[in-house]
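Observations on the model geometry
Okay, here's what each chain looks like letter by letter:
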Amino acid sequence: MKKYLILFFACLLSLNLFAQEKPVKIVFDVTSDDVKVHQKAVRHVKMMSEAYPDSDFEIVVYSGALDMVLNDKSSVAEDLSKLAQDEHVTVAVCNGTMARENKDGTALLPGVKVVPDGILEIAQKQSQGWSYIKEQ
Amino acid sequence: MKKYLILFFACLLSLNLFAQEKPVKIVFDVTSDDVKVHQKAVRHVKMMSEAYPDSDFEIVVYSGALDMVLNDKSSVAEDLSKLAQDEHVTVAVCNGTMARENKDGTALLPGVKVVPDGILEIAQKQSQGWSYIKEQ
Amino acid sequence: MKKYLILFFACLLSLNLFAQEKPVKIVFDVTSDDVKVHQKAVRHVKMMSEAYPDSDFEIVVYSGALDMVLNDKSSVAEDLSKLAQDEHVTVAVCNGTMARENKDGTALLPGVKVVPDGILEIAQKQSQGWSYIKEQ
């Protein structure tokens, strides 16, 4: 009987991993070319990563938002580079968007990570239990 | 054998709690300062809470959307206050946004609930299985 | 003992269905009346369905975006009709939005599927494990 109980609680415990999530994980979707949206996204992640240091955050930049991560165009260069150094924060840019705009890694702010596909990255994060925020 | 079967179906049942969700739970993210977006959000939740009375809805207001819940500025005051009385509807506003705009609880429409952080509120709801809609 | 092991791994396997999701499932939320957003949404789904042919995609059109699926107004008619023929792609429009605009099925591009409620459709997809992207 003891064995069944152990088995039963092992199952419950596994289930629980899906139910409980104290430190949050949030992926931020940024596609706007509006610098105010870039500033808002950075402010949100900055405030949250300070308030919840054990939580994980990822900003995914694609489509019209490319300027946000370019070293000669970003209006949030300093804050974004600082954020990218936080081990709980990832700043990712879509490789497809970079290719369409003829940019390579040398054009990026330090610490920005290139992902093959911005939407796929966001979708995978969500399917791994991350919450989603569309910045606007 | 009967015991194993019970155990097995207990596991399946627990799993099923994740798979099936007849009455939906939806959190609406409202950040726009555009009154048309405020009106759209209210119309959506009003229609859905009437059509699906066992479902749960939460409107989270933060960032540029603060006016939506202020008693002297809201363009949807009457409808929003009515909605907030529905036990299946929550209208929440971000305390951080209120502090930045120097507003306290007395400025809010009746029934509006203050949450510490709008984005955290939305993320926690999603991690509890709520669906997400960005109002725009 | 063997039976318990089988039972145990059956549980693990079931759990795993939630954890692993190689082919993604993404629902795209389109409410904008801006034709550029319509074009972006179509481009995103076209590129992704070509790159990930085993993945599933659904575009849900409602609110201000109705023109996108109307045969006399859509700026993406050809691409959208082609997409709708892909067995892994669904193009859905909200019946409530159609009713408000006095449109019936004859006004729709071929292949567009009518769903009772756009937001409910998106919420149900998310509760079935689909990821969400707000097109903007």
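The rules behind these values
Residues numbered from 1 in each chain as written. Chains lettered and ligands numbered in written order. Predicted model: local features only at pLDDT ≥ 70, side-chain atom pairs only at ≥ 80, totals over all residues. Heavy atoms only, no water. Helix = DSSP H or I, 4+ residues; strand = E, 2+ residues; numbered from the N terminus. Contact = heavy atoms within 4.5 Å. Areas by Shrake-Rupley, 256 points an atom, 1.4 Å probe, with all protein chains shown as cover. Pairing = 2+ DSSP bridges. Axes fitted to C-alpha atoms, helices over the stretch in contact; angles between N-to-C directions. Parallel < 35°, antiparallel > 145°, perpendicular 65-115°, else oblique. Left-handed = near helix turned anticlockwise from the far one by under 90°. Nonpolar A, V, L, I, M, F, W, Y, C, P; charged D, E, K, R; others polar. pLDDT = per-residue confidence, 0-100. Phe/Tyr/Trp six-rings, centres within 6.5 Å; stacked < 30°, edge-to-face > 60°. Buried < 20%, exposed > 50% of the residue type's maximum accessible area, 1.4 Å probe, protein only. Lys NZ or Arg CZ within 6 Å of the ring centre and 35° of its normal. Right-handed = clockwise from strand over helix to strand, strands pointing away.

Some details on the overall build of chain A
For chain A, the helix and strand inventory stands at five helices and five strands. Considering only contacts in chain A between residues 6 or more positions apart, those separated by 24 or more positions represent 72%. As displayed, chain A offers around 6500 Å² of accessible surface, 52% of which is attributable to carbon and sulfur atoms.

A few points about the sheet that holds strand β5 (residues 131-134) of chain A
With parallel pairing, the five strands of this open sheet are ordered in space as β4-β3-β2-β1-β5 (chain A). Edge positions in the sheet fall to β4 (113-115) and β5 of chain A, since each has one partner strand and no second. The average undirected angle you get between the axes of adjacent strands in this sheet is 30°. By the bridge criterion, six bridges tie strand β1 (residues 25-30) of chain A to strand β2 (residues 56-61) of chain A in an arrangement that is parallel. Bridge pairing in β2(A) places A:Asp29 opposite A:Val60. Helix α5 (residues 118-127) of chain B contacts β1 and β5 of chain A of the sheet and is inclined by roughly 140° relative to β5(A).

Observations regarding the packing of helix α2 (residues 35-51) of chain C against helix α3 (residues 77-85) of chain C
All names here are of chain C. Interaxial distance between α2 and α3 falls to 10 Å at its minimum, and their mutual angle equals 40°. Considered as vectors, α2 and α3 are oriented oblique to each other. Viewed along their axes, α2 and α3 form a crossing whose handedness is left-handed. Residues Val42, Val45, Lys46 and Ser49 of α2 lie in contact with α3, whose contacting residues are Asp79, Leu80 and Leu83. Residues that form the contact of α2 with α3 fall into these classes: four nonpolar, one polar and two charged.

Notes on the confidence of the model for chain A
Residues and elements named next belong to chain A. When the pLDDT values of chain A are averaged, the result is 90; 85% of them are 70 or greater. Counting interchain partners and residues more than four positions distant, the pLDDT-below-50 stretch residues 11-21 has 17 contacts. Prediction confidence for the complex, expressed as pTM and ipTM, is 0.85 and 0.84 respectively.

What about the sheet that holds strand β1 (residues 25-30) of chain C?
Residue and element names in this part refer to chain C. Read from one edge to the other, the open sheet built from five strands follows the order β4-β3-β2-β1-β5, with strand pairing classed as parallel. Across the chains shown, the open sheet's two edge strands, defined by having one partner strand only, are β4 (113-115) and β5 (131-134). Here the average twist between neighbouring strands, direction ignored, is 30°. Here α2 sits on the sheet in contact with β1, β2 (56-61) and β3 (89-94), set at roughly 170° to β1. Where α3 meets the sheet, it contacts β2 and β3, and its direction lies at approximately 115° from that of β3.

A look at the packing of aromatic side chains
Under the definition given, this model contains three aromatic pairs over all chains. Relative to C:Tyr132, the ring of A:Tyr132 lies with its centre 5.5 Å away and its plane at 80°, an arrangement referred to as edge-to-face. Of the two residues, A:Tyr132 is situated in strand β5 and C:Tyr132 in strand β5; the pairing between them involves two chains. Residues A:Tyr132 and C:Tyr132 agree in their burial class; the two are buried. These aromatic residues form a ring-pair network of at least three members: A:Tyr132, B:Tyr132 and C:Tyr132. One Lys or Arg, A:Lys125, reaches over the ring of A:Trp130 and ends 5.2 Å from the middle of that ring.

Overview of the pairing of strand β1 (residues 25-30) of chain B
Residues and elements named next belong to chain B. The buried count for β1 comes to five of six residues, which makes it a mostly enclosed element. Between β1 and its parallel partner strand β2 (residues 56-61), the chain crosses via helix α2 (residues 35-51), and the hand of that crossover is right-handed. Bridge count for β1 against strand β5 (residues 131-134) is four bridges, and the pairing is parallel. Considered in β5, the bridge of Ile26 is made with Ser131.

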